[in-house]
Amino acid sequence: MVKSSVLATTAFLLITAQSSGFCQTLPVLGGQASETKSQNAQGLSIQQAIQNALTQNPMMQQSQAMIDQAQGAIQEASGNRLPQLDLSFGGMASNNALNVFGMKLNQGQATFNDFGVEQYLAQSGFLSGAPTPEALAAANSTPPDSLNHPGWHHNFQTSLKLSVPIYNGGKISGMKAQAEALLRAAQSGDRAAKQQLILQVVTAYAGIDAAHAFVKVTQQAVEAAKSYRDLSNKMYLQGVVSKSDLLKSEVNLGDIRLRHQQALDQLANAKDALRIVMGVPRNQQFEINELIRINKLSGTLEEARNLALRNNPQILAMDQQIDAARSGVSSARSVYKPHVNLMAQQDWNSENLGIKNDSYTVGAVLNWKILDFGARSGQVDRAVAGLNATQSKQQMAINTLMSQVGETWRAAQLAEYRLELKKLAISQSEEATRLEKLRYAQGISTMTNLLQTQAELDKSRAEFVQAQYELILQRATLLLTTGQLEPDAISATPLTTQSSLPDARRSAHAQPAVLSVSKVPQ
């Protein structure tokens, strides 16, 4: 005979969570049973949890950094349209003839003797009397030493330059429009990140509630197992059943207690998951004190899809990325147009440190590249290809979104139906367990049959908890896909201490339990 049908079915409390994705929300982190209740724990509402996450989770810091980057790009593009004033200072020493002569000119120190006049006059004979034709010819062909070999000279130059952009083929305007579109995309991305984070908070918060409910379910199973053990022992002493029934009930009790400890650990893991999402220290104690309620999305599936197309922040961000790519194409095409800039510069040159011998320069520059053997066309083609890639990426995202909306819409409908069905199943299982216990007490049933009916009850309770969790999760996900998952879309009611019971009578072994948000029927 099977050792105990309850053993396998009670494991459903955790197996169900794994098969349905529950454990993905509540990773195994090795929590302790003491996490279920803390004397210093503070009550935590869903809105407080959301606010903590939005202000402390690194995801939002990363999103804000992207907005700051986009704002910096706008400031950079706007600054490029305004005049620029540059101040520079430099020192130079040289014995190069051209450089030395230029330094002296800038410093106002150039003399006739820098051209070798004294050498010429002495060689030609002007200084000693009347020059002869032969002396003049020799002087005319002699290189001037003072000009060709001036020796070392140094210069300190201070410059103040004003540059005024007049027309750059639309490049700066395109860069600014691109930066503004990227800012809007970053803001939509920030909204998408906030909604993703809210979904994580809702998932973790509801996960704690479900974990609490699993603890209650396993506690009920422990109480039932104790009553079966006591009943088997009593009937064994009376000689009504064999010792194997007593052994089965004792093994069953030990296994159920193990499942209960696993549920307690799962609750600790659930709290750790919410701590991570909120970005709070691991040792911070809290207790959830609200029941999450998310209203059913009104309208048809097609209306929900249209709403997602209009309002989903990720799709809106891609719209703005496309605008940025178009502006990038416009900016790239500016290379085919002329660029006109004005400049004005004042220089000071001195052999010593200081501001002396000022000079002025003004001018206008027209640059127009006529031929580059394909370099410009390659730049434009690259920008156009980037635009096409962004448009294709958006279309794929829209197709995926439409599929997600349909899938989540149907999953939410199914979760709502499953919740009602599991509630009915609990009532029926409770009645079946009560009747089977009476049959066993009368000696007309076996412990195996009794444990089987209890296993069905435990399974129904676990499935009810999971159905509640799935309904919250699917409705929240549907709001996310339609771009409506904002804090004000999450309502809550205070946590009650006692849930209402189904119409069926209580099981003889079931004990009243304080229930959390999940409100598991007993």
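Our subject in this report is the structure included herewith. (Residues numbered from 1 in each chain as written. Predicted model: local features only at pLDDT ≥ 70, side-chain atom pairs only at ≥ 80, totals over all residues. Heavy atoms only, no water.)

## Observations regarding the overall build of the protein
When helices and strands are tallied, the protein shows 15 helices and eight strands. Expressed as a percentage of its 522 residues, the buried residues of the protein come to 44%. In the protein, of all internal contacts separated by at least 6 residues, the share reaching a separation of at least 24 is 84%. Of the roughly 26800 Å² of accessible surface on the protein, a fraction of 54% belongs to carbon and sulfur atoms. (Helix = DSSP H or I, 4+ residues; strand = E, 2+ residues; numbered from the N terminus. Buried < 20%, exposed > 50% of the residue type's maximum accessible area, 1.4 Å probe, protein only. Contact = heavy atoms within 4.5 Å. Areas by Shrake-Rupley, 256 points an atom, 1.4 Å probe, with all protein chains shown as cover.)

## As for the pattern of salt bridges
Enumeration over the complete set of coordinates arrives at 13 salt bridges. Taking the shortest distance from any N to any O, the salt bridge between D230 and R229 comes out at 2.9 Å. What makes D230 partly exposed here is its relative accessible area of 43%. Linking R326 and D323 is a salt bridge whose minimum nitrogen-to-oxygen distance equals 3.3 Å. (Salt bridge = Lys/Arg side-chain N within 4 Å of Asp/Glu carboxyl O.)

## A closer look at helix α13 (residues 313–332)
In this model, α13 (20 residues) spans 28 Å end to end at C-alpha, consistent with the 28 Å of a helix rising 1.5 Å per residue. Sitting at the head of α13, N312 places a side-chain oxygen 3.0 Å from the backbone nitrogen of Q314. (Expected span 1.5 Å × (residues − 1). Polar contact = N/O pair within 3.5 Å; in protein donor to acceptor, adjacent residues only side chain to side chain.)

## Let's talk about the packing of helix α4 (residues 46–56) against helix α10 (residues 171–237)
In contact at an axis separation of 10 Å, α4 and α10 are set at 135 degrees when each is read in the N-to-C sense. The angle between α4 and α10 places the two elements in the oblique class. Note that α4 runs across α10; the crossing there is right-handed. Along its contact with α4, which presents I46, A49, I50, A53 and L54, the element α10 presents K194, L197, I198, V201, V202 and Y205. Its residues placed into classes, the contact of α4 with α10 shows 10 nonpolar, no polar and one charged. (Axes fitted to C-alpha atoms, helices over the stretch in contact; angles between N-to-C directions. Parallel < 35°, antiparallel > 145°, perpendicular 65-115°, else oblique. Left-handed = near helix turned anticlockwise from the far one by under 90°. Nonpolar A, V, L, I, M, F, W, Y, C, P; charged D, E, K, R; others polar.)

## Observations regarding the sheet that holds strand β3 (residues 153–167)
One open sheet accounts for four strands, arranged β2-β3-β6-β7; its pairing is antiparallel. Edge strands, defined here as strands with exactly one partner in the open sheet, are β2 (84–94) and β7 (358–367). Across the sheet, the mean angle from the axis of one strand to that of its neighbour is 20 degrees, orientation sign disregarded. Pairing between strand β6 (residues 339–350) and β7: 10 bridges, direction antiparallel. For N341, the partnering residue across the bridge sits in β7 and is V365. Against the sheet, helix α6 (residues 97–107) touches β2, β3 and β6, its axis set at about 75 degrees to β3. (Pairing = 2+ DSSP bridges.)

## Description of the environment of Q428
Looking at the element boundaries, Q428 is found in helix α14 (residues 375–441). For the pair Q428 and E456, spaced 28 residues apart in sequence, the C-alpha to C-alpha distance is 9.9 Å.

## Overview of the packing of aromatic side chains
For any pair of aromatic rings, the description rests on two quantities: the centre-to-centre distance and the angle between the ring planes. In this structure the tally under the stated criterion is two aromatic pairs. Ring geometry for F89 and F156: centres 6.4 Å apart, planes at 10 degrees, overall stacked. You can see F89 sitting in strand β2 and its partner F156 sitting in strand β3, a full 67 residues away along the chain. By relative accessible area, which is 53% here, F89 ends up exposed. Under the relative-accessibility criterion, F156 is labelled partly exposed at 23%. Ring centres 5.2 Å apart and planes at 70 degrees place the aromatic pair F101 and F115 in the edge-to-face group. A residue pair is termed long-range when its members are at least 10 positions apart, and F101 in helix α6 and F115 in the loop between α6 and α7 (117–124) qualify at 14 residues. For F101, a relative accessible area of 19% translates into the label buried. Residue F115 is classed as partly exposed on the basis of its relative accessible area, which comes to 46%. (Phe/Tyr/Trp six-rings, centres within 6.5 Å; stacked < 30°, edge-to-face > 60°.)

## What about the nonpolar core?
Ranked by internal contacts, the top residues of the largest apolar core, which has 57 residues, are V202, L274, I292 and I490. The element best represented in this core is α10, accounting for 16 residues. If we skip the residues at most four places from it in the chain, I490 touches I46, Q47, I50, I198, V202, I292, R293, I294 and L485. In this structure, A224, Y228, M235 and Y440 belong to the second largest nonpolar core, which totals nine residues. (Core = buried A, V, L, I, M, F, W, Y, C linked by side-chain atoms within 4.5 Å.)

## Focus on the packing of α14 against helix α15 (residues 447–481)
Where α14 meets α15, the closest approach of the two axes is 7 Å, and the angle between their N-to-C directions is 160 degrees. Classed by the angle they form, the pair α14 and α15 counts as roughly antiparallel. Helix-helix and strand crossings are classified by hand; for α14 and α15 the assignment is left-handed.

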